[in-house]
Amino acid sequence: MKTLSLLIIFLTIFLLPLAVHSGCDCSTDKSLTDKPRARNLHIVAIFAILGAGAVGCTIPSLGKRFPILSPEKDFFFLIKAFAAGVILATGFIHILPDGYDRLTSACLPESPWQNFPFASFIAMVTAIMTLMIDTLASGYFQRKHFNKHAAMVTNLEAGETTDHDAQSHVHMHTHATHNHDAHESHVHMHTHATHGHAHGWADGQGEIEGSLQILRNRITAEIFELGIIVHSVIIGLSLGASQTPSVIKPLIAALTFHQFFEGMGLGACIVQARFNIKPVVIMSLFFSLTTPIGIIIGIGISSSYDENSHKALIVEGVLDSASAGILIYMALVDLLAQDFMNPKIQNNGILQILVNVFLLLGAGLMSVIAKWN
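Residues numbered from 1 in each chain as written. Predicted model: local features only at pLDDT ≥ 70, side-chain atom pairs only at ≥ 80, totals over all residues. Heavy atoms only, no water.

**Considering the nonpolar core**
Working step 1: In this structure, F224 and V355 are the most contacted members of the largest nonpolar core, which totals 39 residues.
Working step 2: Among the secondary structure elements, those contributing two or more residues to this core are α3 (74-103), α5 (118-173), α6 (179-241), α7 (245-273), α8 (277-300), α9 (310-340) and α11 (349-369).
Working step 3: In terms of residue count, the dominant contributor to this core is α9 (10 residues).
Working step 4: Ignoring any residue separated from it by four or fewer positions in sequence, one finds V355 in contact with F77, L78, A81, F340 and I345.
Working step 5: Residues A45, I49, I235 and I299 belong to the second largest nonpolar core, which totals 13 residues. (Core = buried A, V, L, I, M, F, W, Y, C linked by side-chain atoms within 4.5 Å. Buried < 20%, exposed > 50% of the residue type's maximum accessible area, 1.4 Å probe, protein only. Helix = DSSP H or I, 4+ residues; strand = E, 2+ residues; numbered from the N terminus. Contact = heavy atoms within 4.5 Å.)

**Examining helix α2 (residues 35-58)**
Working step 1: Between its first and last C-alpha atoms α2 spans 34 Å; for 24 residues at 1.5 Å apiece the expected length is 34 Å, and the two agree.
Working step 2: All buried positions along α2 are accounted for by A38, L41, H42, A45, I46, I49, A52, G53, G56 and C57. (Expected span 1.5 Å × (residues − 1).)

**Focus on the state of the cysteines**
Working step 1: A full pass over the atoms with the stated rule returns zero disulfides.
Working step 2: Left without a disulfide partner, C57 is nearest to the cysteine sulfur of C269, which lies 9.8 Å away. (Disulfide = S-S within 2.5 Å.)

**Overview of the side chain of D339**
Working step 1: Along the chain, D339 turns up in helix α9.
Working step 2: Overall, the relative accessible area of 7% leaves D339 in the buried class.
Working step 3: Excluding residues within four positions of it along the chain, D339 makes contact with F77, K80 and I345.

**Some details on the side chain of H42**
Working step 1: By secondary structure assignment, the location of H42 is in helix α2.
Working step 2: Take H42: its relative accessible area is 0%, and that puts it in the buried class.
Working step 3: At a separation of 3.0 Å, a polar atom in the side chain of H42 contacts the main-chain carbonyl oxygen of L239.
Working step 4: At 3.4 Å, the side chain of H42 and the backbone oxygen of G240 are in polar contact.
Working step 5: Excluding its chain neighbours within four sequence positions, the residues that come into contact with H42 are L239, G240, S242, Q243, I248, I295 and I299. (Polar contact = N/O pair within 3.5 Å; in protein donor to acceptor, adjacent residues only side chain to side chain.)

**Comments concerning the environment of I248**
Working step 1: Looking at the secondary structure, you find I248 in helix α7.
Working step 2: A sequence separation of 10 residues divides I248 from S238, and the C-alpha atoms of the two residues are 9.7 Å apart.
Working step 3: Setting aside residues up to four positions removed in sequence, I248 forms contacts with A38, L41, H42, L239 and S242.

**Concerning the packing of aromatic side chains**
Working step 1: According to the stated counting rule, one finds five aromatic pairs in the structure shown.
Working step 2: Seen from their ring centres, W113 and F118 are 4.9 Å apart, and the 50 degrees between their planes marks the pair as tilted.
Working step 3: With relative accessibility at 16%, the residue W113 sits in the buried group.
Working step 4: Aromatic pair F260 and F261: ring centres 5.2 Å apart, planes at 70 degrees, arrangement edge-to-face.
Working step 5: Of the residues examined, F260 reaches a relative accessible area of 22% and is grouped as partly exposed.
Working step 6: These aromatic residues form a ring-pair network of at least three members: W113, F116, F118 and F121. (Phe/Tyr/Trp six-rings, centres within 6.5 Å; stacked < 30°, edge-to-face > 60°.)

**Notes on the packing of α2 against α8**
Working step 1: For the pair α2 and α8, the least separation of the axes is 8 Å and the interaxial angle reads 170 degrees. In terms of their interaxial angle, α2 and α8 are classed as roughly antiparallel. In this structure, α2 uses R39, H42, A45, I46, I49, L50, G53, A54 and C57 to contact α8, whose residues at the interface are S284, F287, S288, L289, T291, P292, I295, I296 and I299.
Working step 2: Each residue belonging to the contact of α2 with α8 can be placed in one class, and the counts come to 12 nonpolar, five polar and one charged. (Axes fitted to C-alpha atoms, helices over the stretch in contact; angles between N-to-C directions. Parallel < 35°, antiparallel > 145°, perpendicular 65-115°, else oblique. Nonpolar A, V, L, I, M, F, W, Y, C, P; charged D, E, K, R; others polar.)

Next up, the structure:
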């Protein structure tokens, strides 16, 4: 999973700069460009977005220092509901429309781009592929652990059979002189062994369920970050290549908030996945640095970048649509459905109302930000 994520990230970073040299007749208005001022705004954008992403990703991991942020607390469910609303709106309101715009651009040939809804088709296929990866990985892990646990139970039963035979031998040896006492002892030992077998099975079942949940949380965090990173490279590249201050200014504000709330969502997933410190640091750095790296690449290719070229429109449109499919699936299935059906929420009417309110707040806020993005 990590190797696949890294491969897609590097392909995204290196393919986009190569996709900007196609000759398209659609031209961009150059009258509002101001390169020196745009360069200063780019520097502001790099540090503002980097800081917002890092802070947002760090907040959920402060549960040890601030107990209210612990995953066991009710407030953590509210944070996740808010973050899930942000992610859902990001997929539907921010990313998927960009995919539609690029893949239906007038700069592309009418056939096939104007004759088929490629953006929604790609988003649908990506969501289905995400589901397949999610379920296949979980199923493989479950079968592996069940087989391991079955072997453990078989060994336990074999050991109990040996102990039972030894106990029967002792019982038969003492039957002539202490028939009643030996019988009581035999019954007691047999009951104790049976209790130990049931207890061991229950412990094993609980261990398997806990391991499966951790695995699902880890898969969720990794696929979720993959969807965010692919889109972050694209928006960073577009921002860095822009030389128009009137376009860059509102984008800085919108993307700073965007990165902060997305970071909170990713941070919540990372906390629940219970990664070791090394994966946590790597995932946080990847998330925080991707958009600034995209901005730097955009600055480097700004002289040759043409956002209306055939290749740029197709590559960015496909990646935007795929990212939208991933984020929409993750928000609905792995974040909202899982938490909203949690017994802790189902059995608490007030908490159930609050998570719905926070979900709407997160989705509403990101929808409003789309006005400037």
